[in-house]
Each structure stands twice: as C-alpha cells, then as structure tokens.
Amino acid sequence: MSAISRAIRACASRRNLSVQAPAAAAAGAGLAGRRAAAGRDGRDRRGGEEKKDGRRVQWVFLGCPGVGKGTYASRLSQLLDVPHIATGDLVRLALASPGPLADQLTEIVNNGKLVSDEIIINLLSKRLEEGEEKGELGFILDGFPRTIRQAEILEGVTDLDLVINLKLREEALLAKCIGRRTCSQCGGNFNVASIDIEGENGGPRMYMPPLLPPPECESKLISRADDTEEVVKERLRVYHDLSEPVEEFYRARGKLLEFNLPGGIPESWPKLLQALNIEDPDNKRSAAA
Ligand SMILES: Nc1ncnc2c1ncn2[C@@H]1O[C@H](COP(=O)(O)OP(=O)(O)O)[C@@H](O)[C@H]1O
C-alpha cells in the first residue's frame, strides 16, 4: 500500500469514516498523486490554463442546487483540459445499475437528502482511479465536498488551488431546477424556465432566458426524479444546513472565490472567465479574425 493510500485511510479513520480498501487506495493514488505532481504555486490561486510547474488546475465548485455548477464546471473543464467530476453524476450512474446500492440511493436522492460520506468517497475514489489509469491530470470537482467531513478528507489528501462559490438569487434556484430537462437520446441539457426577477434594492433586474432544445430533441426530454418542487425545497434546506458551512471552511483558508451570477450563460460566462483571469476564447477568436 502506498504512503498516500495509508494517508487517506488514516485520514478517513480519524474521522470514523470506513473507506473500502481498493477505493481508499484509488483516492490516494488519484487525489494525492496529483498533489505529488503539483507542488505549491503559492500566491495567485486563480486562473491560467497550466501552472508554472506544468500541472493542471485543481478546482472545486460549490453552490446551491440549480445554481449552474454543472454548466460552468463543464465549460471550464473543456477550456482547461481537465476532467469535470460531478458526484451527482456518479450517484446517478450508480442508481442506473440495479442492486441494493441503487435501491438505497434512490430512497435518499428522491427525498432530497445527502448520500452518506462513506458511499460518496467510495464512488469518487473509484472514478479517480479510472481517471488515473487514463492519465488524467488536474480536476474540477462539482458537488463535492458537501459536508465539513468531506472537506476535511479532501484537504487531507490534496492541495486545492481554488474553490469557486457560485451564487444566484434564491427565487431563481427553484425555477431553474424545476425547468431542467435532458434529452434522453443525445444527453443534451436544457432549461425551459424563463426567469425574470425585479432588481433588489435598486439593483439590476435579472433575466435568464430559457435554454430550449432543438426540434429533434423536443419529444425526448426527461426531468430528474429529484427535480420536483417538494424535493428541490428539501435539497435547498439540506444545502443551507450541511453544505453552507463548507463555504466558511474554504473562506477561512483563503481559497474561496465568491461569484454572483449576473444572469444567464451569455452574460455570466465572460464575467466568470474574467474573475478567473482566463482569456475569453470567443474574444480571442474575434480579435484574431
Ligand atoms: N458530495 C455529496 N455528498 C452527498 N450526497 C451527494 C454528493 N453529491 C451528490 N450527492 C447526492 O446526489 C444528489 C444529486 O446531486 P447533484 O446532481 O449534485 O444535485 P444538485 O442539483 O442538488 O447540486 C444529491 O441531492 C445527493 O443526494
């Protein structure tokens, strides 16, 4: 067993977390292997495609359900050439393979609760191990960590560069979750909600147009079973209770970048890139033309 997998095992057991042996080794190899390759680049934690020492970014996205973590994490992962690892997707994959684990997860997810730290760490470790085998470097984690215990375990095995906390007005979150649709054939993500909210305290009005599917997807749209009004309200409550303290965990460590989404993707994406010190590829293209 490597020193790293011993470290994650020790870290997990100090926190009374039982991590299965192969998964623990994977998390060690996956997360901490990256740390070994990384070194610290110190001051400016933001931006930049590749670090001075040649490694790729190690970022985390935090934010309430419906805020758009998946959308922006996926765009950035393509831009920065790092894997986008969403624990919600790992949970949905596990749900899709029938068996006792799927039954257990269905009950939890469809009630808007969090899956246990043990299960999530094991799913994440397995995913990291697969990435390691493919030679993946860096990562953008989306939906993990969601509890202080998960944050402590992650902090114990890897050195994050930056934690991006996406924020959106509460009124928009519920509508965005309920409006989410996926094409069951091509897997494309859409949103049928049209959000138009008056400005707060004289602030600007917020308009988020729907992201409608092309005609060929229209009849194949499906919604997530946990995107009903009742379940989303419970997920928001759970986020405030268990995940909001994670924001403070990273704020105290100087790693948190707060980003208030000003509106839909066309408005927010360039501003997010600016906040991250990343050159906008669209501007680059038009400047070169
Ligand atoms: N880090 C995690 N810890 C515990 N449960 C998780 C975690 N990530 C995902 N889940 C489970 O998967 C569900 C879906 O996650 P996700 O797609 O990230 O949803 P959301 O839109 O609420 O951010 C969550 O409601 C929760 O049950």
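Per an unreviewed UniProt entry, the recorded name for the protein chain is adenylate kinase, and the organism is Brachypodium distachyon. The protein chain has a UniProt comment under Function (unreviewed entry) that states "Catalyzes the reversible transfer of the terminal phosphate group between ATP and AMP. Plays an important role in cellular energy homeostasis and in adenine nucleotide metabolism." Per UniProt, the comment on the protein chain under Sequence similarities (unreviewed entry) is "Belongs to the adenylate kinase family."

Visitor: Can you lay out the overall build of the protein chain for me, pointing to particular residues and giving the numbers?
Guide: Assigned secondary structure in the protein chain consists of eleven helices and ten strands. Residues counted as buried form 47% of the 289 residues belonging to the protein chain. Within the protein chain, contacts between residues separated by at least 24 positions form 72% of all contacts whose residues are at least 6 apart in sequence.

Visitor: Describe the environment of Leu 154, and please don't skip the residues or the numbers.
Guide: Tracing the backbone shows Leu 154 in helix H7 (residues 148–157). Owing to a relative accessible area of 1%, Leu 154 belongs among the buried residues under this scheme. Sequence separation between Leu 154 and Ile 121 is 33 residues, and the spatial gap between their C-alpha atoms is 9.5 Å.

Visitor: Describe the pairing of strand E3 (residues 139–142), and please don't skip the residues or the numbers.
Guide: Residues Phe 139 and Leu 141 of E3 are buried on one face, and the alternating residues Ile 140 and Asp 142, pointing to the opposite face, are buried as well. In this structure, strand E1 (residues 58–62) lies alongside E3, joined through four bridges in parallel fashion. Within the sheet, the bridge partner assigned to Phe 61 lies in E3 and is Asp 142.

Visitor: Kindly report on the site of the ligand, identifying the contributing residues and their values.
Guide: In the region of the ligand, 18 residues are neighbours, and Thr 87, Lys 113, Gly 143, Arg 146 and Arg 235 sit closest. Between the ligand and Arg 92, the relevant distance is 2.9 Å, taken from an oxygen atom to a side-chain nitrogen or oxygen of the residue. Taking Arg 146, its side chain carries an N or O atom lying 2.9 Å from an oxygen atom of the ligand. When isolated, the ligand has an accessible area of 540 Å², and the protein chains bury 96% of it. By residue number, the principal contributor to the shell around the ligand is helix H4 (residues 87–96), which donates four residues. Residue classes in the shell around the ligand are distributed as seven nonpolar, four polar and seven charged.

Visitor: How would you explain the pattern of salt bridges if you had to name every residue and give the values?
Guide: Going through the model one piece at a time under the given rule, you end up with 23 salt bridges. The salt bridge partner of Asp 89 is Arg 92, with a shortest N-O separation of 3.0 Å. With Asp 89 and Arg 92 both in helix H4, this residue pair falls three residues apart, about one helical turn. With a shortest N-O distance of 3.4 Å, Lys 167 and Glu 258 are connected by a salt bridge. Of this pair, Lys 167 sits in strand E4 (residues 162–167) while Glu 258 sits in strand E10 (residues 256–260); the two residues are 91 residues apart in sequence, bridging distant segments of the chain. Look at Lys 167 and you get partly exposed, because its relative accessible area is 31%. A single network of salt bridges, built from pairs that share partners, joins Lys 167, Glu 247, Glu 248, Arg 251 and Glu 258.

Visitor: Can you lay out the environment of Cys 186 for me, pointing to particular residues and giving the numbers?
Guide: Tracing the chain through its elements places Cys 186 in the loop between strand E5 (180–183) and strand E6 (189–191). According to the relative accessible area criterion, Cys 186 is exposed, its value standing at 53%. Sequence-wise, Cys 186 and Leu 221 are 35 residues apart; in three dimensions their C-alpha atoms are separated by 10.0 Å.

Parameters at a glance
- Residues numbered from 1 in each chain as written.
- Predicted model: local features only at pLDDT ≥ 70, side-chain atom pairs only at ≥ 80, totals over all residues.
- Heavy atoms only, no water.
- UniProt positions renumbered as here; feature names shortened; annotations may be inferred.
- Helix = DSSP H or I, 4+ residues; strand = E, 2+ residues; numbered from the N terminus.
- Buried < 20%, exposed > 50% of the residue type's maximum accessible area, 1.4 Å probe, protein only.
- Contact = heavy atoms within 4.5 Å.
- Pairing = 2+ DSSP bridges.
- Near = heavy atom within 4 Å.
- Polar contact = N/O pair within 3.5 Å; in protein donor to acceptor, adjacent residues only side chain to side chain.
- Areas by Shrake-Rupley, 256 points an atom, 1.4 Å probe, with all protein chains shown as cover.
- Nonpolar A, V, L, I, M, F, W, Y, C, P; charged D, E, K, R; others polar.
- Salt bridge = Lys/Arg side-chain N within 4 Å of Asp/Glu carboxyl O.

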